[in-house]
Amino acid sequence: MCGIVGYVGPKNVSEVLIGGLERLEYRGYDSAGVALMPHSKEDVLIKRCVGRVSALKDALKSVTGDFAQGIAHTRWATHGVPSEVNAHPHKAGRTFLVHNGIIENYLEIKEELQRQGQEFESQTDTEVFAHLIENIRYKLLAGRDFESLSLPEKISNVLESLKIGTQKVEGHYAILVMVAGLEGHLFGVQAGAPLVAGKLTDSLYIGSDLQALLPHLSDMHFLPAKTIFAGQINHLDFYDFDLKKKEIPMSRIDWSPDKIAKGGFDHFMLKEIFEQPSVVADTLSGRLPTEELGFLWDDLEKHKDLWKNVDRLHFVACGTAYYAALTAKYFFEKWARIPVEVDLASEFRYRNPVFTQNTVVGVVSQSGETADTLAALRLALDEKVKTFAVCNVPGSSISREANVNYQTKAGPEIGVASTKAFSTQLAILSALAQDVARMRGTLVNWQNEAESLARVPLLLEQVLTQSKTYLDMGASLERFKTILVVGRGLMYPISLEGALKIKEISYRHAEGYAAGELKHGPIALIDSSTCAIVLNPKDDVSAKTLSNLQEIKARSGWIIGLGVEKHDAFRKECNEYLALPEADWALSPMLYVVPLQLMAYGLAKQLGCDIDKPRNLAKSVTVE
Ligand code: G6P
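Here the structure is a predicted model, which is why all the values come from computation and not from measurement.

A.B. asks: Hey, could you run me through the overall build of the protein chain in this one?
C.D. replies: Along the backbone of the protein chain there are 21 helices and 25 strands. Scaling as 2.2 N^0.38, a compact globule of 624 residues should have a C-alpha radius of gyration of about 25 Å, and the protein chain matches this with 26 Å. Per-residue burial over the protein chain gives 61% buried out of 624 residues. Accessible surface, the protein chain as shown: approximately 23,700 Å² in total, 49% of it carbon and sulfur. Charge-centre separation for the protein chain: the mean point of 67 positive side chains lies 2 Å from the mean point of 77 negative side chains.

What follows is the structure, encoded as structure tokens:
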């Protein structure tokens, strides 16, 4: 959570920082702040505000001055309520610091510093970190005046303080540090939370995500964990935690900056829903088999090695990515005949999972930085289990650390509620399951399945032609107290995802349920104030779903059916019916989720909710 931006260079510093924060606002948005260092020897200026980045932007309008550099932050509160005093940057003597993550032993350090007479103004762990660094840095000076030091001595003073500071601090975090009297320089630590750095001949850019840097440069360094850096214009030095220099290769990012603009849509979420046909096509492009060639993955040798002898597959993920994994269980079990378990990352990592010698662990993540998913991956790697990732953000921790990464090509997803990333996860997991089944000889007609999968972008286009109907239907849900989304088989995880979308952005009570499980509890919720969205794509469990529909109807629930055009037995039982194109079994998750996304959007809009930035949520959850 929390977005970090740093800049040194000739452009208008506050504009660069605010632009970066706006692009990172999906990481957290309960308060924001900047620290700006003037070219003159005047004091560093701090501005902090409760609320959105736009509030900070307004507050900065009255600020005049010629600034050389700055650091900035948008916060998702962990320690301390959202308030101006708890907002970052935090100042301690010469040290200005912004932070993402959690300092687990901050109380202990705080008490130690308090015993030395240090006073604190906020409740944050961040302020403690700032004082710790400043305290160490000051002691290292051993009475010398910082201003009287040579430039290399000043840099080394800061680097040493970061080295000792990180030894004292426990937790997963990233910090960005600016030191008064050291114009042109920024420092930072990557200790388990992401940091990206890039430079041009006249500037230096730092961010917690690549989106912060994207409009300015496309070549970036993704800092691995346990890295300290010292940066200045056109120069970056990277060190390990013992301050031994290390090289970090540069990665080229081909995400075009226009992908991070709304492009005429009211919200990023809506734009991203409409991008689904093209990003699914991008994700499958060059990977599906042709007559001469089998499936093509980026590193075929690693891919073959990963799946050789697999006898159990264990998926781990959070949120929407978890529902993509849950859907993939059906693909892998049906086609590849591999037993599949799917776990929430926050459960998996603490429950001592059992691995066989040929277990494969697959983690699914849009951001590639979700703390629990990353920890689950590391747990599997520590156990020497083979791992793979299905990850969207290039250069992210999960994509780098997994043995094999199958990258989805959704491009930047800015809306907090995940949509296009989900569709690309389903597409790639479906292709992967087909290929694993092909290798294991358990799916004879894999070519047909692959051909069918290639039709998804076209079918998605077709579904989207009905977008107005879905949006209006969503708006009409306003009158219900409870919304149930139900389905069986592949429609079960999709019902969970549909209900999640409704909850996330409209704050209406919604529950996804396996249709056959309704009578074991949630049926008690049903009365005339309940709407049930029934997903029923005329598959082999369709008749069973119809019986469950009757149970809802008998209790006065309002039924919206989602099914194919020609399914009279279903259509006539529904109060309202939305027809979708007929498609093979495995394609239905990708098609049926789209009306649900649009209905959630329509409802949230009707209720006046902040769709791209729902309350209390953050897109990338980098705390446990
Ligand atoms: C957060 C987001 C969700 C996302 C989940 C997992 O909760 O709000 O939209 O599905 O994290 O994120 P990941 O980046 O690992 O897919």
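On we go from here.
A.B. asks: Teacher, can you tell me more about the site of the ligand here?
C.D. replies: Near the ligand you find 14 residues, and of these Thr320, Ser365, Gln366, Ser367 and Thr370 are the closest. In this structure, Gln366 approaches the ligand through a main-chain N or O atom, which is 2.7 Å from an oxygen atom. The contact in question runs from an oxygen atom of the ligand to an N or O atom on the side chain of Thr370, over 2.5 Å. Looking at which element gives the most residues to the shell around the ligand, the answer is helix H10 (residues 319-336), with 3 residues. Its residues assigned to classes, the shell around the ligand shows 5 nonpolar, 7 polar and 2 charged.

A.B. asks: Sorry, what's going on with the sheet that holds strand S14 (residues 245-246) here?
C.D. replies: Working definition: the strands of a sheet are paired by backbone hydrogen bonds and lie parallel or antiparallel to each other. With antiparallel pairing, 7 strands are arranged side by side in an open sheet as S5-S6-S7-S8-S12-S13-S14. In the strand order of this sheet, the two ends are held by strand S5 (90-92) and S14, each with one partner. In terms of strand pairing, strand S8 (residues 185-191) meets strand S12 (residues 227-232) through 6 bridges, oriented antiparallel. Looking at S12, one finds that Gly188 is bridged to Phe229. Helix H4 (residues 125-141) rests against S5, strand S6 (95-101) and strand S7 (173-179) of the sheet, and its axis sits at about 135° to S6. Across the sheet, helix H5 (residues 151-168) is in contact with S7, S8, S12 and strand S13 (235-239); its angle to S8 comes to roughly 20°.

A.B. asks: For this particular structure, what's the right way to read the packing of helix H18 (residues 491-506) against helix H21 (residues 588-606)?
C.D. replies: One can describe the packing of H18 onto H21 by two numbers: an axis separation of 9 Å at closest approach and a directional angle of 20°. Regarding the angle of H18 to H21, the classification is roughly parallel. The two elements H18 and H21 cross, and the hand of that crossing is right-handed. Here H18 contributes Met491, Ile494, Glu497, Gly498, Lys501, Ile502, Ile505 and Ser506 to the contact with H21, which in turn contributes Ser588, Pro589, Tyr592, Val593, Leu596, Ala600, Tyr601, Leu603 and Ala604. Across the contact of H18 with H21, the residue classes tally to 12 nonpolar, 3 polar and 2 charged.

A.B. asks: Help me out: how do you make sense of the packing of aromatic side chains in this one?
C.D. replies: Given two aromatic rings, their pairing is described by the distance between the two centres and the angle made by the two planes. Summed over the entire model, instances satisfying the criterion amount to 17 aromatic pairs. For the pair Tyr7 and Tyr205, a centre-to-centre distance of 4.9 Å together with 40° between the ring planes defines the contact as tilted. On the criterion of sequence distance, the pair formed by Tyr7 in strand S1 (residues 3-8) and Tyr205 in strand S10 (residues 203-207) is long-range, its members being 198 residues apart. Among the aromatic side chains, those forming a connected cluster through ring pairs are Phe295, Trp297, Trp307, Phe315, Phe332, Phe388, Tyr406 and Trp446. In this arrangement the basic side chain of Arg479 is found over the ring face of Trp558, its NZ or CZ atom lying 4.9 Å from the centre. One cation-aromatic arrangement involves Arg615 over Tyr507; the distance from NZ or CZ to the ring centre is 3.8 Å.

A.B. asks: Explain the nonpolar core here, please?
C.D. replies: The tendency in soluble globular proteins is for nonpolar side chains to be buried side by side. Trp307, Phe315, Phe332, Phe388, Tyr406 and Ile533 are the most contacted members of the largest nonpolar core, which totals 93 residues. For this core, the element with the highest residue contribution is H21, accounting for 12 residues. Two domains each provide a minimum of three residues to this core, namely domain 2 (265-454) and domain 3 (460-618). For Trp307, the contacting residues outside a window of four places in its chain are Leu313, Phe332, Val360, Phe388, Tyr406, Leu432, Val436 and Met439. In terms of nonpolar packing, the next biggest core, distinct from the first, is built from 36 residues, Cys49, Phe67, Leu210 and Ile414 among them.

Conventions we followed
Every residue gets a number counted from 1 within its own chain, in the order that chain's sequence is written. Residue-level local features of this predicted model are given only where pLDDT is at least 70; pairs of side-chain atoms are given and counted only at 80 or more, and the full residue set underlies all totals for whole chains, interfaces and linings. The side-chain quantities take in all heavy atoms of the structure and omit both hydrogens and water. Secondary structure counts use DSSP, requiring at least four H or I residues in a row for a helix and at least two E residues in a row for a strand, with both numbered from the N terminus. Between the two quantities, the radius of gyration covers C-alpha atoms and the globule rule is 2.2 Å times the number of residues to the power 0.38. Residue burial is assigned from relative accessible area. The probe radius is 1.4 Å, only protein chains are included, and a residue is buried under 20% of its type maximum, exposed over 50%, and partly exposed in between. Only the protein chains shown count as cover for residues, with accessible areas throughout obtained via the Shrake-Rupley method and a probe of 1.4 Å. His is not counted, nor are the chain ends; Lys and Arg add positive charge and Asp and Glu add negative charge. By convention, the point assigned to a charge is CZ for Arg, NZ for Lys, CD for Glu and CG for Asp. Definition of nearness: a residue and a molecule or strand are near each other if at least one heavy atom of the residue lies within 4 Å of the molecule or strand. Pairing of N or O atoms within 3.5 Å defines a polar contact, subject to two protein rules: one partner must be a possible hydrogen donor and the other a possible acceptor, and residues neighboring in sequence count only if both atoms are side-chain atoms. Note on residue categories: nonpolar means Ala, Val, Leu, Ile, Met, Phe, Trp, Tyr, Cys or Pro, charged means Asp, Glu, Lys or Arg, and polar means any other residue, Gly included. For two strands to count as paired, DSSP must find a minimum of two bridges between them. Whether two residues are in contact is decided by their heavy atoms: any pair within 4.5 Å suffices. Note on geometry: axes are C-alpha line fits, over the in-contact stretch for helices, and angles between N-to-C directions span 0 to 180 degrees. Each angle gets one of four labels, with under 35 degrees taken as roughly parallel, over 145 as roughly antiparallel, 65 to 115 as roughly perpendicular, and the rest as oblique. Crossing chirality is assigned from the near helix's rotation relative to the far helix, an anticlockwise turn below a right angle marking it left-handed and a clockwise turn marking it right-handed. Only rings of Phe, Tyr and Trp enter the pairing, Trp through its six-membered ring, and a pair is recorded when the two centres are within 6.5 Å. The plane angle decides the type: under 30 degrees is stacked, over 60 is edge-to-face, the rest tilted. Criterion for a charge above a ring: Arg CZ or Lys NZ at most 6 Å from the ring centre, at most 35 degrees from the ring normal. By convention a nonpolar core is built from buried Ala, Val, Leu, Ile, Met, Phe, Trp, Tyr and Cys residues, the set being connected through side-chain atoms within 4.5 Å. In this entry, domain limits derive from an automatic or database-based domain assignment.

Read these as geometric descriptors, not functional statements.
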